[in-house]
Every structure is written in structure tokens, then in C-alpha cells.
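Chains, contacts and geometry: an overview
Here is what each chain is made of, one letter per residue.
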Protein chains: 2
Amino acid sequence: MQCERKSLYTSFPPGRVINAGKSQHNEDQACCEVVFVERRPSPRGRPPSREGSEELTGGRRGFYFHYWALFDGHAGSGAAVMASKHLHLHICEQLRDLVDILQDPSPPPLCLPPDAGASPTEPSRVSLAEDNGEVPNDAVPRFHLEKAVSHESLVIGAIENAFKHMDEQIERERTSRRLSGGCCALAAVYLLGKFYVANAGDSRAIIIRNGEIIPMSREFTPETERQRLAVFAFLRPELLGKEFTHLEFPRRVQPKELGRKMLYRDQNMNGWAYKKIEEADLKFPLIYGEGKKARVMATIGVTRGLGDHDLKVFSSNIHIKPFLSCFPEVRVYDLTQYEHCPDDVLVLGTDGLWDVTNDKEVASVVMEVLTSYEPNDPCRYTVVAQELVVRSRGMLKERGWRLANDKLGSSDDISVFVIPLGGPGNYT
Amino acid sequence: MQCERKSLYTSFPPGRVINAGKSQHNEDQACCEVVFVERRPSPRGRPPSREGSEELTGGRRGFYFHYWALFDGHAGSGAAVMASKHLHLHICEQLRDLVDILQDPSPPPLCLPPDAGASPTEPSRVSLAEDNGEVPNDAVPRFHLEKAVSHESLVIGAIENAFKHMDEQIERERTSRRLSGGCCALAAVYLLGKFYVANAGDSRAIIIRNGEIIPMSREFTPETERQRLAVFAFLRPELLGKEFTHLEFPRRVQPKELGRKMLYRDQNMNGWAYKKIEEADLKFPLIYGEGKKARVMATIGVTRGLGDHDLKVFSSNIHIKPFLSCFPEVRVYDLTQYEHCPDDVLVLGTDGLWDVTNDKEVASVVMEVLTSYEPNDPCRYTVVAQELVVRSRGMLKERGWRLANDKLGSSDDISVFVIPLGGPGNYT
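So, how was this worked out
Residues numbered from 1 in each chain as written. Chains lettered and ligands numbered in written order. Predicted model: local features only at pLDDT ≥ 70, side-chain atom pairs only at ≥ 80, totals over all residues. Heavy atoms only, no water. Least-squares fit on C-alpha atoms with pLDDT ≥ 70 in both. Contact = heavy atoms within 4.5 Å. Salt bridge = Lys/Arg side-chain N within 4 Å of Asp/Glu carboxyl O. Polar contact = N/O pair within 3.5 Å; in protein donor to acceptor, adjacent residues only side chain to side chain. Helix = DSSP H or I, 4+ residues; strand = E, 2+ residues; numbered from the N terminus. Buried < 20%, exposed > 50% of the residue type's maximum accessible area, 1.4 Å probe, protein only. Axes fitted to C-alpha atoms, helices over the stretch in contact; angles between N-to-C directions. Parallel < 35°, antiparallel > 145°, perpendicular 65-115°, else oblique. Left-handed = near helix turned anticlockwise from the far one by under 90°. Nonpolar A, V, L, I, M, F, W, Y, C, P; charged D, E, K, R; others polar.

1. Remarks on the relation of the copies chain B and chain A
Overlay of chain B on chain A (RMSD 0.0 Å): rotation 180 degrees, translation along the axis 0.0 Å. Here the two chains are linked by the operation of a two-fold rotation axis. For chain B, the residue whose C-alpha comes nearest the rotation axis is Leu235 of chain B, separated from it by 3.5 Å. Comparing interface residues between copies, 100% of those in chain B also sit at the interface in chain A, which points to an isologous, same-surface contact.

2. Focus: the interface of chain B and chain A
The interface is formed by 55 residues belonging to chain B together with 55 residues belonging to chain A. Here chain B is connected to chain A by four salt bridges. As a salt-bridge pair, Glu248 of chain B and Lys147 of chain A come within 2.8 Å of each other at their nearest N and O atoms. Scanning the region where chain B abuts chain A turns up 20 residue pairs in polar contact (both at pLDDT 80 or more). Secondary structure elements with two or more residues in the side of chain B that touches chain A: helix H4 (151–173), helix H5 (226–235), strand S10 (261–264) and strand S11 (273–276) of chain B.

3. Notes on the environment of His309 of chain B
Residue and element names in this part refer to chain B. Within the secondary structure, His309 sits in the loop between strand S15 (306–307) and strand S16 (329–334). His309 sits in the buried class, given a relative accessible area of 11%. Residues His309 and Gly241, 68 residues apart in the sequence, show an inter-C-alpha distance of 17 Å. Setting aside its immediate chain neighbours within four residues, His309 contacts Asp167, Ile170, Glu171, Arg174, His319 and Lys321.

4. With respect to the pattern of salt bridges
A pair can form between side chains of opposite charge whenever their charged atoms are brought close. Residues and elements named next belong to chain B. Evaluation of the coordinates by the stated rule reveals 58 salt bridges over all chains. For Lys275, the salt bridge identified is with Asp281, shortest N-O distance 2.5 Å. A single burial state applies to Lys275 and to Asp281, both of which are buried. For Glu387, the salt bridge is made with Arg391, and the minimal N-O distance between the two is 2.8 Å. Of this pair, Glu387 and Arg391 both sit in helix H8 (residues 379–393), four residues apart, which is roughly one turn of that helix. The class for Glu387 is partly exposed, based on a relative accessible area of 25%.

5. As for the packing of helix H1 (residues 78–95) of chain A against helix H4 (residues 151–173) of chain A
The angle between the axes and the distance between the axes are what describe a pair of packed helices. Residues and elements named next belong to chain A. Direction vectors running N to C along H1 and H4 enclose 135 degrees, while the axes themselves pass 8 Å from each other. Here H4 runs oblique to H1, going by the angle between their axes. Every pair of crossing elements has a handedness; the one defined by H1 and H4 is right-handed. Residue-level contacts link Ala79, Met82, Ala83, His86, Leu87, His90, Ile91, Gln94 and Leu95 of H1 to Ala158, Ile159, Asn161, Ala162, Phe163, His165, Met166, Gln169, Ile170 and Glu173 of H4. Per-class residue counts for the contact of H1 with H4 are 12 nonpolar, six polar and one charged.

6. Notes on unusual backbone geometry
Residues and elements named next belong to chain B. Residues other than glycine seldom take positive phi values, yet Ala75 does so here, at roughly 55 degrees. Within the fold, Ala75 resides in the loop between strand S4 (62–74) and helix H1 (78–95). In this structure, Asp308 is a non-glycine residue whose phi angle is positive, near 65 degrees. The topology assignment puts Asp308 in the loop between S15 and S16.

7. Structural notes on helix H5 (residues 226–235) of chain A
Note that an α-helix has 3.6 residues per turn; residues three or four places apart therefore point the same way. Within H5 of chain A, burial applies to Arg226, Leu229, Ala230, Phe232, Ala233 and Leu235 of chain A. Elements that come into contact with the buried residues of H5 of chain A comprise strand S13 (287–288) and strand S14 (295–296) of chain A together with H5 of chain B.

Below is the structure:
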């Protein structure tokens, strides 16, 4: 890793509780850091031209980002542990080229000058003021079709590529480090006034603002990604071996039903129709089961995440990884667009939380706990997180772990971050 | 076409205006029908068991659906004309197997009895009442994993497959009938209390209810379908010839920029990042341009629709059709969930309307015109449609066709349906 970093904990760390005590082996991992992104040295040795923030950073040019992430491992904790130690470094590395660009209010240059870092103060842009009669490359749009790219899009791209590099690192080092399994990853990055929430898997993030719930992620499962997977399988049928079909049926087709008409849908359909069952339809469906029991090739219940490079269908040579994506969906929340009060929070949780406690219930616990603490008490967010975990685990009764409403508690690992948006402390 | 049909116009036809008079050649086509879907005769010759609606239909068993559709042709009107004459017949054909199922409140059978149409009164289901000690095939779920499929999903599937069959018919008959070009298709089907709005292309449908705008479609263009197209191109690079790249750049890359870093995004990314330009990046981008000027392989500005089977990249042998989809997105609106007043309408329009008149402006014209007519005057909807067309075309002034605000009017064909949801007449 080339990325030089300086990491520290925030003075008001958000609530964080790991392992609900339901198992001896915890596959959930978490990480909370403040990372300094140092500008990559100019290859021409030019001194940095702006010095505004250098005092803060001990003479080094760059900026900080705040970072919280949850990694929900499966089939071992190896990938989750590795990702919890490295993902923020990959994000840092991706951002290093953008230090000057992100702090410059003018639009990002579409093409960087030759042999340069991505500094907007490099020659091709400075020459605008030189009035040498030649229009520099990126100063004035010379092409009719030229797309404006926002600063925000660059951060999104940096986070997306960081996930990809993290996945590649796990792939490279999985043998030497004995990294087992894979993990879902949910990361929140606070940078220059905005929260970027990146999700790959079935964890979930919501903002609770003035009692209102704002979803900050969606889950990636065999059901929500049915069409992406079916299209992929349709275009790359060789990856299904001879065992699976990309068509979906409402249940397994039986040999005695050959020739009868059964409901199906293909990769292009959202609705259902009847088709005559043929021999090929007796294969096992690519996606099978509903809700938490839905599986890709009878094997895995999440469709995005890190790791799983060696995952195969049981007793076969069919690889699952080509069907999975390591790319997160990144949603952006601009903290400057709204004046937040100390009760406004961003909640990150693994599926252990959300499987038994829905958004509204989480919001109500948040509000209930926060009102019982002073607004400037930094512990209040930690207590919310603990309370969310405890309520989702339930109490051990005669008939197993039960919630207050006597429903079954979560038997999964549960991890929760509660991050204040307008509370004491700040993210500068 | 096997589908027997009986078609008639509604007693209160919605407003309909075609051709804004801007060109001599109109590539927009429209169709409005009431179609009778007759139950397919039972292969065993069993008499139909329920006779409720047979009086209405002259002893034949089935139901009516109401249908409105707009077809916005390009590169000729052939595909649009053909689709306007046949799409409703394909929908009828797809629904024939569902006549009994859709009228039966119990869940659709997952698998139909052998050699039978899709009647729920066929032996395997009737046997439930026979109490012969044997559980029939589809009466009781015997599999743990059995997906419930709604009646609504069957209608969606029927409409989706109807679009596919329509596209296949155009492909088969394009030479003998000299069918040129392709067309976007937007169809509204009213059936058993629900509106199904199916859109393949860049037309648009909105409901205006009590002044509120409810979107009933989204547009399918190179920009909105960027990711679908890029993934397809990534998985099937041979379809790009040697001329195109699936990567996206904010503008054309120039040979002199080789080795420099430029913004790009690949099929997995929503954000942007910098990459070093290589030889392969000098190829023309699969998707190029913004807004109305965005094109797939420099050729076509819509990514779903019917026809275009012979469309190739200019002076090349690269086919565009594999990148296009004939499948619509179908949205459902349940008319029974809300008590509609005579001013509530569904508006269908081709892009000639929406390019110059946005949703809010359309809603305001609708409300303005409707309040100036008696609620039971059936002409009021026709006047709204005409008014929408006239305002979007504008007036011929010295500097071309101008709107009231002096902006340029639409130079495209404009077609609009205004369909009352709670006005005089009904859809039974």
C-alpha cells in the first residue's frame, strides 16, 4: 500500500457494539477512522501553490475524511477482518490524486496535463491567465459534446474503485494469508461537507432527521438483483455448468411435469407467464428461494461484497464469484443543505439488526434513548447503538431468544454504528 | 394471428390529436380500441362452468380490455404503422390463456393440468371438492419454497410477451411488407379495475389526480440505460466491431492525448475516475452525447422499442438491434383504490410533447382547460389533448415556431391521449 496515512479516532466516537453474544465466533467486523489524504508529490517538484490548510496538517497538503464501516463476513471471518483493516486505505489512495481538484471550486479537468498529478494549478490551467494567445487544453470546452463531471462524481468513482482494489487485494493475498470466505461491506465516508454511503451487500444505512427516515442504501440480494444475475447468466451460459438454468420458476420443476405449462420468467421479464416445460427446465434455477432464504445457485444469499474468490457450488466445479459484484452503490447526503440538531443521526447496521428491527422501530429507539440523555452527552449515541443491539438480540427465554413482542430475536451477529449529524463535535 | 377479437371505440373516447403539422410525413401513430379476449376453447370440449358474464359477451366467455397506445416511429413509419395495427391483438392473444385465471380470486395455479388451457375449473383443481383422498397437484403448496404469483404479475407478463411477439412479427414481415425503421411504444391497458402502462422508448405517461402528478413511466434512452448497454457491450465485445469502446469518456479522446490521464467510467461505475489513455480508448464510445443528443454507437437516441432489425452503424456492418430491448417497463395503477373525480386523467404523450412541455405545465393545462368545461361534457378531454399539442408546437413567428414564452416549439411529431379516470362513461 503506497498510501501514507495518519489515523485517529474522533473525539466523539459514534456508538459501536460488536457481537451480540449469540455465537462464539463473530464474523462481523467494524472500523472507525479519521484518515489524512496527503496530496501526491508533484512529479516536477513544483511547490504546492495554495497554503490555506497546511497549518492544520503540519505543513503537508491534503484533507481529512471520516470513515465508519461494517463488514458482515460469511464462511469465515478472513475477508471481513482484512477489509476492516484496509478498505479505508484504498479509499485514501484513490483520493490522493484528487486533493487539489476537490478543493478547487472550478469543474474538474476532463484530461490532466501530461506527466502531472491531478493539480488544477498545473501549467495547462495556469496558462489561461498567461494570455499567450493559445487556448489551453481543458480550460474552454472546444467540443460540442463535453460532459460536465461533478466533484461528487469523482468521490463516488474513488470509493467504487477502492472497493474493487480491496477485492483484488483479498484475491491476491487469500492464499498466503489464509483468508476465508467473503463479506458484505457498508462504509460511510464524510468528506468536505458530504456523507458518501457505499453499500455492497445486505447491510443497511438510514438517516433519521427530525423523526423522518431517509434511506441511504438498498440491499443487494438474489431477489433485488435477479435481473442483473439472469442477464449475466443468459449472456454467459457456460458459467452455469450444465446444472443451472437462468429461467425462474415459482418452485422446482419435477420430471413428471414435462410437457405441462408452468409459470416462469426470463431475464427480460418482471411479470410471469406460462411456458411448456422442457427437459432443460428441469435444471436447478440460478436463483431459488424467497426473502432471507433466496440463494444464487443454491449457495449464497448476498450478491455484492468482497472476497468469495474460491466459492463454488457444493460438490461441483462451478464458481460463484463471476455472478457477484464487488461494486457498491454510493449514495450522497449533503450535510450543509440542512441544519441538523443533536438528535439527527446516521445509523449503519448489519442484517442482524434489520432482520428483526425495521426502520421505524430503529427510529423510535433512537428518539426514545436520545431524549433521555443531555444533548451534549457524547455517550448518548453509544447507548443508542447498544440498545439497538440488545433489543434485536432479545432475551433468553424457555423457547429461545425472544424479542419484547415474543417474536424470535436475531440469531445473527449484530453490529451498529450511530453517527451524530449535528451533535457535539464536528467533522472538520 | 389466431386471436379472435371484437373491437369498438369507447362511447367517450379520450382526446387524441396526431401530427402537429410541422412536417409532411408523420411518424407518430396511435391506436385506441376496446378488445374482447375470448377464452381459448377447452381442448377436452368441456363446457365452461361459470356463466356470469356470458350475457354481456353474446354467450362467449371472456372479458374486455380498453387500450390506448402511441407509437413514435423513426427512420420511417413502417414499424409504427404495423405496431399500431397489431400490438393490441398480441396482448389479446397472450391474455386468452388467462381468462378464467384472472377472474378467479384464488391464486393462479403454478402449473397447469396436462393438455389443458389455463382454466382453474379444470379437473386438477375441481378435484379439491371431490374429496377423493388425493391432494391435487396445485391446490396445496407441497414445497417449502413456493413463490406466490399475483394476478397482476400475469397481466404484466402477458403485456411483456406481447411486445416481444410484436417485435418478432415486424422482424418476420419486414421484407415482404417493406417495413422501415423502428418505433417507441407506449400502451395503456385497462383491465379488471387496473391500468397497466407499458413503455418501451422515450414517450411518457403521467396521471394527474387532484392536481398531483403521478409518473406512470420512465424513459429509456442511452443515458438512462447506460449501465445496461455498457454491461452488454462488456460481455459481448464482438458486437462492437473494432470501432467502439464500452468505456465512457466525457468527450472524444484525441490521439495526442495518449498516455495522459482522462476521466472515464466503466460498466460497473456510477462515478468517474481518471485513467491513463491507451490506444483502445481512442475508439468511438458506445454511448456518446448528452440529453436529446445522446446516441448508441452514434446512431440511435432511444434504447427500447419495436423494429430496427436492419439498423446498422453508418457505413459499417455493425448491428444496433442487439443493444436495443423490445421489452417495456409496465407500471400498474389500481383504479379502485381511490375515488376519482372527472378532472383526474391519464396523459400519454410522445417526446414531441414532453421535450417542450414538462409534467407541471401539462398538469396546469389539464386543470385550466377542464375547469372551463362542464364535468359531463365528453369533449373536454379532446380539447385538453388538442391544447397540449397546440401549445407544444407554438406559433410560427419570424424566428421559427415559438412557444408563448418565446422558447423554440417542438419540431417533432406530437401525439397526446388524455384519458379520463373518473369522468363520464366507464370502462366496464
